[in-house]
Every structure is written in C-alpha cells, then in structure tokens.
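So you can see what is in the structure, the chains are spelled out below.
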Amino acid sequence: MPDLAQPSLRVLIADDQDLVRSGFRLILERAGLEVVGEAADGVEAVSMTRELRPDVVVMDIRMPRMDGVEATRRIVALPQAPKVLALTTFDLDEYVYGSILAGASGFLLKHVSPDGLVQGVRVVAAGEAMLAPAVIQRLVDRHALQSTEAELPSAVRSLTERETEIARLVARGLPNAEIAARLFLSEATIKSYVSRLLTKLNLRDRVQIAVLAYEVGLVRAGVGDGEVY
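Residues numbered from 1 in each chain as written. Predicted model: local features only at pLDDT ≥ 70, side-chain atom pairs only at ≥ 80, totals over all residues. Heavy atoms only, no water.

**A short note on the sheet that holds strand 4 (residues 83-88)**
As a reminder, the rule being used: Paired strands, as defined in this entry, are two strands with at least two bridges between them according to DSSP. Numbering of helices and strands runs from the N terminus, with a helix taken as a DSSP run of H or I at least four residues long and a strand as a DSSP run of E at least two residues long. Axes here refer to lines fitted to C-alpha atoms; in helices the fit is confined to the stretch in contact. Angles between the N-to-C directions go from 0 to 180 degrees. Contacts: residue pairs with any heavy atoms within 4.5 Å of one another.
The strand order 2-1-3-4-5 describes an open sheet built from five strands, whose pairing is parallel. Looking at the sheet topology across the chains shown, the edges are occupied by strand 2 (34-39) and strand 5 (107-109). Adjacent strand axes in the sheet meet at a mean angle of 20° when their direction is disregarded. Pairing analysis gives four bridges linking strand 1 (residues 10-14) to strand 3 (residues 56-60), with the strands arranged parallel. Counterpart to Val11 in the pairing with strand 3 is Val56. Most of the contacts of helix 1 (residues 18-30) go to strand 2, to which it runs at about 170°, and overall it touches strand 1, strand 2, strand 3 and strand 4.

Here is the structure:
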C-alpha cells in the first residue's frame, strides 16, 4: 500500500534494459511514487527530463548513445534540475566516481532491494546523500589523489571552525537531524550551515561536500568518531 503520509514524487527511470525499467516502475508505483517516464539511453533521459520535469531521475551509468555520466552532467545543468540517483552493477565501477562528480546525489547497486530503491529515491529527493562514507573513501582512493594541508583550496581554508566541523559530519553520512543533535543546534541552523557550505565551496549537494572532504583530507574513513558503514 502506498504511504499516504509521503508526498508523491515524480520519477524518471533511465536504463537500457526493459526488464530493469519495468521492475523498477512496479516497485516505485507500489510505494506510491509516480513514474512519469522511461528512457532507454542517456539521450532520451536528457530529453525526457526537459519535457517531463521529474523530481528524481534513476539513472543507469552504462547505456548506449550517451552514458549516464554525461546524461547526469547535462541534466543537473538544467533549470530546476532534478536529483539524479545513479545505478551500477559494481560499487567500484569506473563510471561511479565520474557520475558523482557530474552531479549525481548518490548511487545504488542494481540488485538493491525494493525498499532500498524506494528509500534511495526519497532520500535524494529530500536533499540528503545516498552514498556510504566508506564507499566515498574507496572511490577517492581509486580515482583521485589525496591533497596535503598545504594544497587545500582557498575556499576550504576559508571555512570557519564550525563550518569545517559540519562538513566533516556531512562526509561521515550524518543527516541534518543527527548533526543538529550532536552539536546541540537546531535542524534549521544545520540546514543553513549546509547551504552556506555549498555556496562557499561552489558545490551542488551533500555528496560533493563529502567527496571534497575526503579528497582534501578533512576526514578519512575509519579515523575518529563517526566511522560508519
């Protein structure tokens, strides 16, 4: 039964496999989400996003004509861009890192459970990140060089102590409510800090805050309080 307490979200599914698209459609519609269309490749995904204006695009990374990385890059550049939730078969797919840098708000493995798929769509639609910190660290380790303190971008060096603390907690996967409780601040205050971080660092969303935090060494997997996943 659909959860009537949840507002209906408009979802576009982009995958080159008919069976995957139809299976995901069934799962999402049973959960009360509205599937506004299905795209078989990246070109169709971009075109249908312009036309249908979904809230979330569930995007396969590997597709013909235009892959999910390039399609994501074009979609997030659109006015009132939707959130993009990338799909991959392997969590260390070489395209995953590119997809995150292109603007995806997270990714799921294709064998995700029905509940996991629905949760992923709702999480990214709400502006949170659907990406475990341990996965971010592995992606950064594999695809990017760690920076030293001297190499920190000027925007990162300009962060206040509180902003840096919140960036670290975002990178460790904590949602706003948990960050607020930990720092004894209101959730509205944390939302304001996150918005300020996005503006200062010229980033699109929480996932990019997390990736940057690992890249420049503000936080490292398995070190200190907050080790999760």
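Structure's up, so let's keep going.
**Section: the nonpolar core**
Short version of the rule: Here the nonpolar core consists of buried residues drawn from Ala, Val, Leu, Ile, Met, Phe, Trp, Tyr and Cys, with membership extended through side-chain atoms lying within 4.5 Å. In this scheme, a residue with accessible area under 20% of its type's maximum is buried, one over 50% is exposed, and one in between is partly exposed, where area comes from a 1.4 Å probe on protein chains only.
In terms of nonpolar packing, the biggest core is built from 26 residues, with Ala14, Ala45, Val57, Met59, Ile75, Val84 and Ile100 touching the most fellow members. At the level of elements, strand 1, strand 2, helix 2 (42-52), strand 3, helix 3 (68-76), strand 4, helix 4 (94-102) and helix 11 (206-215) are the ones that each hand at least two residues to this core.

**A short note on helix 3**
Threshold: What the arc covers is the set of directions going from the helix axis to the C-beta atoms. Between N or O atoms, a polar contact is any pair within 3.5 Å; within protein, one atom must be a potential hydrogen donor and the other a potential acceptor, and residues adjacent in sequence are included only when both atoms are from side chains.
Buried residues of helix 3: Gly68, Val69, Ala71, Thr72, Ile75 and Val76, and no others. Viewed along the axis of helix 3, the buried residues span an arc of 165°, placing them on a single side of the element. Two or three places before Val69, at the opening of helix 3, Asp67 has a side-chain oxygen 3.0 Å from that residue's backbone nitrogen.

**Some details on the pattern of salt bridges**
Side chains that differ in charge, positive against negative, can pair when their charged atoms come close. Defined as follows: We count a salt bridge whenever a side-chain nitrogen from Lys or Arg sits within 4 Å of a carboxyl oxygen from Asp or Glu.
Under the definition given, this model contains 13 salt bridges. Between Asp41 and Arg65 there is a salt bridge, and its shortest N-O distance comes to 2.9 Å. One end of the pair, Asp41, is in the loop between strand 2 and helix 2; the other, Arg65, is in the loop between strand 3 and helix 3, and 24 residues separate them in sequence. For Glu163, the salt bridge identified is with Arg196, shortest N-O distance 3.8 Å. One end of the pair, Glu163, is in helix 8 (residues 161-171); the other, Arg196, is in helix 10 (residues 187-201), with 33 residues separating them in the sequence. A relative accessible area of 2% means that Glu163 is categorised as buried.

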